[in-house]
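If you want the building blocks of each chain, they are given just below.
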Amino acid sequence: MEEGQTSSSVASQFILNYTDLPYYLQACLTYCCVFPENYWIPEGKLIRLLVAESLVQEKPGKIMEDIADENINILINQGMLQVNNDNRGQGTMLTVTSSYRCKIVEDNFITASAHSASTTTIPHNARRVSIYSEMATVAPLLNNIRPRSLFFLGTQDLSSDPENWLNFNWAKFVRVMDLERTKIESLPDGVGDLIHLRYLGLKHTGINNLPARIGNLRALQTLDIRWCGDLTALPVEVLNLAQLRHIKMYKRIKVGGVKLPPGIGRLRNLLTLTGIHASAGIARELHNLIHLRRLGVMDVAEENAVELFASIMMMQNLLSLSLEAKHTFNRETLVLLDTFSPPPLLRKLRLEGLLKKMPNWIGSMESLTNLRLGFSYLSENPALVLQLLPNLKNLIMWHAYDVKQLGKEFCRAGGFPKLEVLIIASHVLEEWTELEEGALPSLKYLHLHNCLQLRMLPEGLQFLTTLKQLQILPLLDEHAERLKPDGGEENYKISHIPQVSFIPMSVLRNSCQLPPCRPQEEGEQHG
């Protein structure tokens, strides 16, 4: 608080700033308050929710999701939404700045949080409700309300009464139902009665199949079934959902993509389609989805490659593409055609699987900002090409380059001109000997993950004056000694970095918490 300001004057300023906002920005900020303080909302999820709730103003010729994104960025720039990018690769996370959360009041946009029946009263006109405790505990509170949104926050167990937990008067009016991380193995047939439902979130649940009556949800825009139980295929009734904009799928590790019903090309409004199994027939049908902006394909193989890449080249609006080989962990080859020409707007690319060589078309991707190479095990240095990309900001090399030693050839002076985030994982890498002065001029975050043999950081690291954070997990014990601030012979390489974090190998061994060989979940950018 500035000198001379009272808490009441600060509060008045917050209210003034809020009331000066256009109605759609007020609605966006207030909507975020349905989530508790310190709860971080993925930006992509918030965008889809705002569109589903019709809280976005229309602009001729613009997609609603883009307008929602613009609104969010305005609130970020005004300090009303706080950003957290600490979980690299997981996308941008948001929450309402605490000072604004405390001051926002909007009579016609009531939110309520239900902890328990004994401690919570939900107003009869509550429109957005978040539930923290078990459904049976708060069920009596729900009988007299008509909410548009219902969020289950936590790990509530809905499996004990699978047929009746949805049997409430409010259900027929709900537009958003988010069951993420709840304990539930099947959806009741009654879900087919939620004819106004636009957003159905089932991420990280135990759902094994979708009922046929899901085809009644003709208003549904978002179906999020990432990391569900053993759900392996979408029912044919999904083809009735002509308003679908986002089908977000991703299977558990070592399991292939979700199978789509023939006719998926009829869903012409789709903007997002991820985690799919690309059989030859489906690969051909994808060419009808010319409005797609995000596509994620698993099980890419020789037999479907020609049809698949021909379809992708038809998607001139594509912004994000993820391609994964069959059985990535078994070092299966990811088939990439040299004749492929990436869509011109493509900004984010994820390639998972063994690569015999770097695809020749990557060097021409001037719009590329995010790239992940996973389990590529390349014998040639991919950075020879990648460091020339003019707009690359985030690079993840996850067991991508099978080499024991990196030298200054990894990046020359001026190489990677806009790269801000570099993540390297390798069980083979032993030394990074030298970094040429002038290389990586924009780097802010360097993470060396699962480099179990690494015993040397590069000479020249001390010249990266933009570097804000260095993370090494794990770190050889003798290397940790050399990096210590008091007398460590290599400490001069990292002493200028504001945030340095590492865990010695001995600590991890003693706690039996060795780091995973792969992130447990992909980021928003890849669906």
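Residues numbered from 1 in each chain as written. Predicted model: local features only at pLDDT ≥ 70, side-chain atom pairs only at ≥ 80, totals over all residues. Heavy atoms only, no water.

### Topic: the overall build of the protein
Helix and strand counts for the protein stand at 11 helices and 22 strands. By residue count, 54% of the 527 residues in the protein fall in the buried class. Taking the contacts inside the protein whose residues are at least 6 apart along the sequence as the reference set, 56% of them involve residues at least 24 apart. Total accessible area computed for the protein in this model is approximately 22400 Å², and 48% of it derives from carbon and sulfur atoms. (Helix = DSSP H or I, 4+ residues; strand = E, 2+ residues; numbered from the N terminus. Buried < 20%, exposed > 50% of the residue type's maximum accessible area, 1.4 Å probe, protein only. Contact = heavy atoms within 4.5 Å. Areas by Shrake-Rupley, 256 points an atom, 1.4 Å probe, with all protein chains shown as cover.)

### Quick look at unusual backbone geometry
In the segment running from Leu-473 into Pro-474, the intervening peptide bond is cis, with an omega of -10°. The residue Pro-474 is located in strand β21 (residues 469-475) in this model. For Trp-227, which is not glycine, the phi torsion reads 55° and is therefore positive. Its place among the elements puts Trp-227 in the loop between β9 (222-226) and β10 (246-250). Even without a glycine there, the phi angle at Asp-299 is positive, about 60°. Within the fold, Asp-299 resides in strand β12 (residues 294-300). We classify Asp-299 as buried; its relative accessible area is 9%.

### Focus: the side chain of His-449
Relative to the helices and strands, His-449 resides in strand β20 (residues 445-449). A distance of 3.4 Å separates the side chain of His-449 from the side chain of His-447, its partner in a polar contact. (Polar contact = N/O pair within 3.5 Å; in protein donor to acceptor, adjacent residues only side chain to side chain.)

### What about the sheet that holds strand β2 (residues 81-84)?
Spatially, β1-β3-β2 is the arrangement adopted by the three strands of the open sheet, whose pairing is antiparallel. Edge positions in the open sheet fall to β1 (41-42) and β2, since each of these has one partner strand only. Here β1 runs beside strand β3 (residues 93-96); their pairing, made up of two bridges, is antiparallel. In the sheet register, Pro-42 faces β3, and the bridge partner there is Met-93. The strands that helix α4 (residues 64-77) touches are β2 and β3; relative to β2, the one it contacts most, it runs at about 95°. (Pairing = 2+ DSSP bridges. Axes fitted to C-alpha atoms, helices over the stretch in contact; angles between N-to-C directions.)

### A few points about the pairing of strand β22 (residues 499-504)
Relative to β22, β21 is paired through five bridges, and the arrangement is parallel. Within the sheet, the bridge partner assigned to Gln-471 lies in β22 and is Ser-501. Note that the unit made of β21, helix α10 (residues 477-483) and β22 has a crossover that is right-handed. (Right-handed = clockwise from strand over helix to strand, strands pointing away.)

### Some thoughts on the packing of helix α2 (residues 23-32) against α4
Packing of α2 against α4 brings their axes to within 10 Å, and their N-to-C directions diverge by 80°. With respect to α4, the axis of α2 lies roughly perpendicular. Of the residues in α4, those touching α2 at Tyr-24, Leu-25, Cys-28 and Leu-29 are Asn-71, Ile-72, Ile-74 and Leu-75. In the contact of α2 with α4, the residues fall into seven nonpolar, one polar and no charged. (Parallel < 35°, antiparallel > 145°, perpendicular 65-115°, else oblique. Nonpolar A, V, L, I, M, F, W, Y, C, P; charged D, E, K, R; others polar.)

### Re the environment of Tyr-199
Among the secondary structure elements, Tyr-199 is positioned in strand β8 (residues 199-201). The exposure class assigned to Tyr-199 is buried, which follows from its relative accessible area of 0%. Along the primary structure Tyr-199 and Asp-178 are separated by 21 residues, whereas in three dimensions their C-alpha atoms are 7.5 Å apart. Setting aside its immediate chain neighbours within four residues, Tyr-199 contacts Lys-45, Arg-48, Leu-49, Ala-52, Arg-175, Val-176, Met-177, Asp-178, Leu-220, Thr-222 and Asp-224.

### As for a positive patch on the surface
Together, Lys-393, Lys-418, Lys-444 and Lys-468 line one region of the surface with positive charge. Along the chain, the position of Lys-418 falls in the loop between β17 (405-406) and β18 (421-425). (Patch = residues over 30% accessible without salt bridge, like charges linked within 9 Å, V, L, I, M, F, W, Y side chains within 5 Å. Salt bridge = Lys/Arg side-chain N within 4 Å of Asp/Glu carboxyl O. Lys, Arg positive; Asp, Glu negative; His and termini not counted. Charge placed at Lys NZ, Arg CZ, Asp CG, Glu CD.)

### Overview of the packing of aromatic side chains
For the structure shown, the criterion picks out 10 aromatic pairs. A centroid spacing of 5.2 Å and a plane angle of 10° characterise the contact between Phe-35 and Tyr-39, whose relative ring orientation is stacked. Looking at Phe-35, the relative accessible area reads 1%, which means it is buried. Through pairs of rings, three or more aromatic residues link up here, namely Tyr-31, Phe-35, Tyr-39 and Phe-151. (Phe/Tyr/Trp six-rings, centres within 6.5 Å; stacked < 30°, edge-to-face > 60°.)

### Here we look at the nonpolar core
If you look at the biggest cluster of nonpolar residues, it comprises 118 residues, and the most contacted ones within it are Leu-234, Leu-273, Leu-295, Leu-323, Leu-349, Phe-410 and Phe-416. Residue contacts for Leu-295: discarding those within four places in its chain leaves Leu-273, Thr-274, Ile-276, Ile-312, Met-315, Leu-318, Ser-320, Leu-321 and Ser-322. (Core = buried A, V, L, I, M, F, W, Y, C linked by side-chain atoms within 4.5 Å.)

### Digging into the packing of helix α3 (residues 43-52) against α4
Axis angle and axis distance: for two packed helices, these are the angle between their axes and the distance between the axes, and together they describe the pair. Direction vectors running N to C along α3 and α4 enclose 120°, while the axes themselves pass 9 Å from each other. One finds that α3 runs oblique with respect to α4. The way α3 lies across α4 gives a crossing that is right-handed. The residues of α4 that touch α3, namely those facing Glu-43, Leu-46, Ile-47, Leu-50 and Val-51, are Met-64, Glu-65, Ala-68, Asp-69, Ile-72 and Asn-73. Classifying every residue of the contact of α3 with α4 by side-chain character gives seven nonpolar, one polar and three charged. (Left-handed = near helix turned anticlockwise from the far one by under 90°.)

### Let's talk about α4
Taking 1.5 Å of rise per residue, the 14 residues of α4 would be expected to cover 20 Å, and the 20 Å separating its terminal C-alpha atoms lies within 8% of that figure. Looking at the buried positions of α4, the neighbouring elements they touch are α2, α3, β2, β3 and β10. Trailing α4 by a residue or two, Gly-79 shows a phi angle of about 80°, which is positive. (Expected span 1.5 Å × (residues − 1).)

### Some thoughts on the confidence of the model for the protein
In the predicted model, the protein carries a mean pLDDT of 87, and 86% of its residues have values of at least 70. Note on residues 518-527: pLDDT is under 50 here. Beyond four places in sequence and across chains, it has 45 contacts. (pLDDT = per-residue confidence, 0-100.)

### Focus on the pairing of strand β16 (residues 394-398)
With respect to burial, β16 is a largely interior element, four of its five residues being buried. Direction of pairing for strand β15 (residues 370-374) relative to β16: parallel, over a ladder of five bridges. Looking across to β16, one finds that Gly-374 is bridged to Trp-398. As paired elements, β16 and β18 share five bridges and run parallel to each other. Bridge assignment links Trp-398 to a residue of β18, and that residue is Ala-425.

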